[in-house]
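Summary of structural features
Listed below, chain by chain, are the residues.
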Amino acid sequence: QVQLVESGGGLVQAGDSLRLSCVASGRTFSSYTMGWFRQAPGRKEREFVAAISRSGATTYYTDSVKGRFTSSRDNAKNTVFLLMNNLKPEDTAVYYCAADASLLYSGSASDYDYWGQGTQVTVSS
């Protein structure tokens, strides 16, 4: 069992930056691929944003955030980060971190085993 707690969301203006953090409980954090998803207002599904491999050596991003968002992790602190630069109003959403016990990266929410409660990011124009 893994429990995830996100923090770092807030209300910012377009062009600003935020860094989200997600702290995991348990001793096996380094055995999980970690993902970031978001759910925009009025949308039913969670959209894939980024994923990071177990070691942190490899990252994956959806096209709309490439070059603006960076995911990293600190396995010693059981924490994964999402640095979001040059935020846009269309980035407004609840952001979730998720843990996937599979070795391979996945952009599908249904493949992730554990989820945090989410943190709200609101970007004003």
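Located above this text is the structure these notes cover.
Report follows, based on the coordinates. Bear in mind the structure is a predicted one, so any value in this text is a computation, not a measurement. (Residues numbered from 1 in each chain as written. Predicted model: local features only at pLDDT ≥ 70, side-chain atom pairs only at ≥ 80, totals over all residues. Heavy atoms only, no water.)

1. Structural notes on the sheet that holds strand β1 (residues 4-7)
Rules: Two strands pair under a simple rule: DSSP has to find at least two bridges between them. Only DSSP runs of H or I reaching four residues or more are called helices, and only runs of E reaching two or more are called strands; each is numbered from the N terminus. Lines fitted to the C-alpha atoms define the axes, with helices restricted to the stretch that makes contact. Angles between their N-to-C directions range from 0 to 180 degrees.
Reading across from one edge, β1-β3-β8-β7 is the order of the four strands in this open sheet, with antiparallel pairing throughout. Looking along the sheet, the strands with just one partner apiece sit at the ends: β1 and β7 (69-74). Within this sheet the neighbouring strands show an average axis-to-axis angle of 15°, counted without direction. Pairing analysis gives six bridges linking strand β3 (residues 18-24) to strand β8 (residues 79-84), with the strands arranged antiparallel. Looking at the pairing, Leu20 lines up with Leu82 of β8.

2. Details of the state of the cysteines
To be explicit about the condition: Disulfides are defined as cysteine sulfur pairs within 2.5 Å. Three exposure classes are used, based on accessible area relative to the maximum for each residue type with a 1.4 Å probe and protein chains only: buried under 20%, partly exposed in between, and exposed over 50%.
Across all of its chains, the model carries one disulfide by this definition. One disulfide bridge connects Cys22 with Cys97, the sulfur atoms lying 1.9 Å from each other. One quick way to see it: the torsion about the S-S bond of Cys22 and Cys97 is about 45°, and its sign makes the bridge right-handed. Within this pair, whereas Cys22 is found in strand β3, its partner Cys97 is found in strand β9 (residues 93-100), the two being separated by 75 residues in sequence. Relative accessible area serves as the criterion here: at 0%, Cys22 is assigned to the buried category.

So yeah, pure geometry; function would need other evidence.
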